[in-house]
Amino acid sequence: MRGNAATHDLVAPGELGAVLELLAAEPGVWTPIAGGTELMVAFAAGRLTAPKLVNLWGIPDLRTIQVTPQSVAIGAAATFLDLRRHAVIASDFPLLAKAASWIGSVANQGRATLGGNLVNGSPAADSSPALLAYDAEIEFISVRGRRRVPYSEFHTAYKCNGLAPDELLYAIHLPRRFAHHKQYLRKVGTRRAMAIAKVALGATALVENGAIREIRLGAASLAPFPMRLLQTEAALLGQTVTPDTIQSARRALLAEMKPIDDIRSTAEYRKRVAANLLDEFLLQLRHEGSQP
Amino acid sequence: MNKGKRTTPSERCPAISFKVNGETRIVKAPPMKRLLDVLREDLHLTGTKEGCGEGECGSCSVRMNGELVNSCLVPVLQVEGADIQTVEGLTLHGELHPLQKAFLEHGGAQCGICTPGMLMAAAQLLEQNPHPGIVQIREALAGNLCRCTGFIRIFEAVAAAIASDDGRPATGPNTEQTRHAQEQTHHAR
């Protein structure tokens, strides 16, 4: 059944403060909509259950990208084109710029927002592996104030997250300290354009005196939500990259991932591909050290 | 909203004002009505086509404040105050846009459903990058699907429009660069 515009309402209170007041007055009643690349698809198909929506598109406070010497704060409603065009994202967070280029098409990238990608909570979200690898923090806002949580703790179950009913995702914070890290991001999908990931792996690592001093691994489509691979990281931290450590990391990865069979791939294929991606990253790390 | 009485949201049809192809238009429509439907049904601008209705095919591409969007994914309330360009706005003083001429001359259109979206995506590309190579042309059109003429003639038409516009030789589909690009992007389809 097609969606019917007459059965849904959409309001545009304007400024961010007015949106937050509305969410506080009727928590859980209003569904925020920004670029609409998820919700309008559901709407057109008659699958949008939310009867009341509140507009976030065009609120400047939510779309700014603020740069300080220490960090970059990306407004939750910054689009993937905004990210692709930003000089500091390109220089300091190339994995995020790369992930932004994977989002749908140019028309999708100009509307789809980073915050929307996270709140939507797809296990296959393109931006998530990079954000996990960069140790992102996310900031929530409501009339009660603001709070920050590590992005790695944001998703709590399939399509569930830590946002309270009166809160919005406000910003994504990235620390600018990965210039000397080896950085890696690869997505395996059916085709290059417009494809959803079967598996994706993002990674950053710092090697000092031959040993892995820091490592972060973020994965898509290996669990019910984008996940940081903490067990695999633990198997590698402090180690020298040798065939033996690669093997033990591979075992840790296979033990902690929880892939499923679905329309896009099988659990078995996802296991093999994820292990191969990890291999590829670790071999690069072994041969090239941690200079990016 | 609508507190205290049993109303359906459909009773709310705010007047929404925006520019279409340079002209200010005011429509009264449910705020969630898709820009695509407003263009076709309220404004009778039927050049913009519906293909998939889910942002995958690009047939409904229009430009909104200088960016390419799928009009099937834009609720009309979000275009309040915006500047929209549709395929009808590509012609200038009754003269076809160089892209339109090139699509005609190079067989870039067959059934025509994808063509308005292809033209708008190509126009967006040329606005951002007046001298794109074949890699950029392919990326810019990656969100626009054609199910009859195939993509090569469309890419050729865009390349020809660039050549006709500035007199420079286009990066045509038979060059070394093109073959390399085809290897790079053949999964794109």
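Residues numbered from 1 in each chain as written. Chains lettered and ligands numbered in written order. Predicted model: local features only at pLDDT ≥ 70, side-chain atom pairs only at ≥ 80, totals over all residues.

All names here are of chain A. Partitioning chain A into structural domains gives domain 1 (5-55), domain 2 (61-175) and domain 3 (182-288). Using only C-alpha atoms to locate each centre, domain 2 and domain 3 end up separated by 21 Å. Counting residues at the interface gives 24 residues for domain 2, matched by 23 residues for domain 3. Looking at the side of domain 2 that touches domain 3, the elements that each hand over two or more residues are helix 5 (94-102), helix 8 (128-133) and strand 8 (155-157). Looking at the side of domain 2 that touches domain 3 element by element, the count peaks at 6 residues for helix 8. (Domains from an automatic or database assignment. Contact = placed C-beta atoms within 7 Å. Helix = DSSP H or I, 4+ residues; strand = E, 2+ residues; numbered from the N terminus.)

A word on the packing of helix 10 (residues 243-256) of chain A against helix 11 (residues 267-288) of chain A. Residues and elements named next belong to chain A. Interhelical geometry of helix 10 versus helix 11 gives an angle of 145 degrees and a closest axis separation of 10 Å. Judged by the twist between their axes, the crossing of helix 10 over helix 11 is right-handed. Mapping the contact onto sequence places I246, A249, R250, L253 and L254 in helix 10 and K271, A274, A275, L278, D279 and L282 in helix 11. A breakdown of the residues in the contact of helix 10 with helix 11 according to their chemical character gives 8 nonpolar, no polar and 3 charged. (Axes fitted to C-alpha atoms, helices over the stretch in contact; angles between N-to-C directions. Left-handed = near helix turned anticlockwise from the far one by under 90°. Nonpolar A, V, L, I, M, F, W, Y, C, P; charged D, E, K, R; others polar.)

With that out of the way, let us pick up the sheet that holds strand 3 (residues 52-55) of chain A. Across a sheet, paired strands are connected by hydrogen bonds in the backbone, their directions being either parallel or antiparallel. Residue and element names in this part refer to chain A. In space, the 3 strands of this open sheet follow the order 1-3-2, with parallel pairing throughout. In this open sheet, the two edge strands, each paired with only one partner strand, are strand 1 (9-11) and strand 2 (31-33). Pairs of neighbouring strands in the sheet enclose a mean axial angle of 35 degrees, with direction left out of account. Two elements, strand 1 and strand 3, share 3 bridges in a ladder whose sense is parallel. Within strand 3, the residue paired with L10 across the bridge is L53. (Pairing = 2+ DSSP bridges.)

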